[in-house]
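Survey of secondary and tertiary structure
Chain residues, written in single-letter form:
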Amino acid sequence: QVQLVESGGGLVQPGGSLRLSCAASGFTFSVYAMSWYRQAPGKERELVAGISSAGGTTNYAESVKGRFTISRDNAKNTVHLQMNSLKPEDTATYFCRARGPLYETYWGQGTQVTVSS
């Protein structure tokens, strides 16, 4: 069955870094666009970063441009989100999403990121 398993979240001080990973299985990863979303308490889920199926195109929310980098390894069926210069407002649950060529969509369970001193 389809699985998206996020890892790498945790507690980090402002200015610190984390690297999130999402391991995919149960579908043809290389034809799916992948994205990271986040949701803070009391707020709607928002797009953080996306990457095309072959990895040639990326997009970022304005709030994370220059600080976050999305990447993927189609040989290992993984997508990563490198987060640098973290701020308290980056605190949220981060979700991995896969979207296929027929717009079928899968979500992971999320990983918590807390930025606090």
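Our subject is the structure listed above.
Structure report, in brief. (Residues numbered from 1 in each chain as written. Predicted model: local features only at pLDDT ≥ 70, side-chain atom pairs only at ≥ 80, totals over all residues. Heavy atoms only, no water.)

Ranked by internal contacts, the top residues of the largest apolar core, which has 29 residues, are Met34, Trp36, Val79, Leu81, Met83 and Tyr94. If we ignore the near neighbours within four places in the chain, the residues touching Val79 are Leu20, Ser21, Cys22, Phe29, Met34, Trp36, Ile51, Ile70, Ser71, Arg72 and Cys96. (Core = buried A, V, L, I, M, F, W, Y, C linked by side-chain atoms within 4.5 Å. Buried < 20%, exposed > 50% of the residue type's maximum accessible area, 1.4 Å probe, protein only. Contact = heavy atoms within 4.5 Å.)

Right, let's get into the side chain of Arg97. Among the structural elements, Arg97 can be located in strand β9 (residues 92-99). No salt bridge is formed by the buried Arg97, whose closest oppositely charged neighbour, Glu6, lies at an N-O distance of 11 Å. Polar contacts involving the side chain of Arg97 include one to the side chain of Tyr37, which spans 3.2 Å. (Helix = DSSP H or I, 4+ residues; strand = E, 2+ residues; numbered from the N terminus. Lys, Arg positive; Asp, Glu negative; His and termini not counted. Salt bridge = Lys/Arg side-chain N within 4 Å of Asp/Glu carboxyl O. Polar contact = N/O pair within 3.5 Å; in protein donor to acceptor, adjacent residues only side chain to side chain.)

Our focus in this paragraph is the pairing of β9. The side chains of a regular strand alternate, residue by residue, between the two faces of the sheet. For β9, the tally of buried residues reaches 6 of 8 residues, placing the bulk of the element in the interior. As judged from the 7 bridges shared by strand β4 (residues 33-39) and β9, these two strands associate in the antiparallel manner. Of the residues in β9, the one forming a bridge with Arg38 is Tyr94. Two strands pair when backbone bridges link them, and β9 and strand β11 (residues 111-115) are joined in this way by 3 bridges, in the antiparallel orientation. Of the residues in β11, the one forming a bridge with Tyr94 is Thr111. When β9 meets strand β10 (residues 105-107), the two strands line up antiparallel, connected through 3 bridges. Within β10, the residue paired with Ala98 across the bridge is Tyr106. Between the end of β9 and the start of β10, which pair antiparallel, lie 5 residues, with Tyr103 showing a positive phi angle near 65°. (Pairing = 2+ DSSP bridges.)

Further remarks concern the state of the cysteines. Scanning the model with the defined rule gives 1 disulfide in all. Through a disulfide, Cys22 is tied to Cys96; the S-S separation comes to 2.2 Å. Handedness of the Cys22-Cys96 disulfide follows from its S-S torsion of about -80°: it is left-handed. One end of the pair, Cys22, is in strand β3 (residues 18-25); the other, Cys96, is in strand β9, and 74 residues separate them in sequence. As far as the burial class goes, Cys22 and Cys96 line up, both buried. (Disulfide = S-S within 2.5 Å.)

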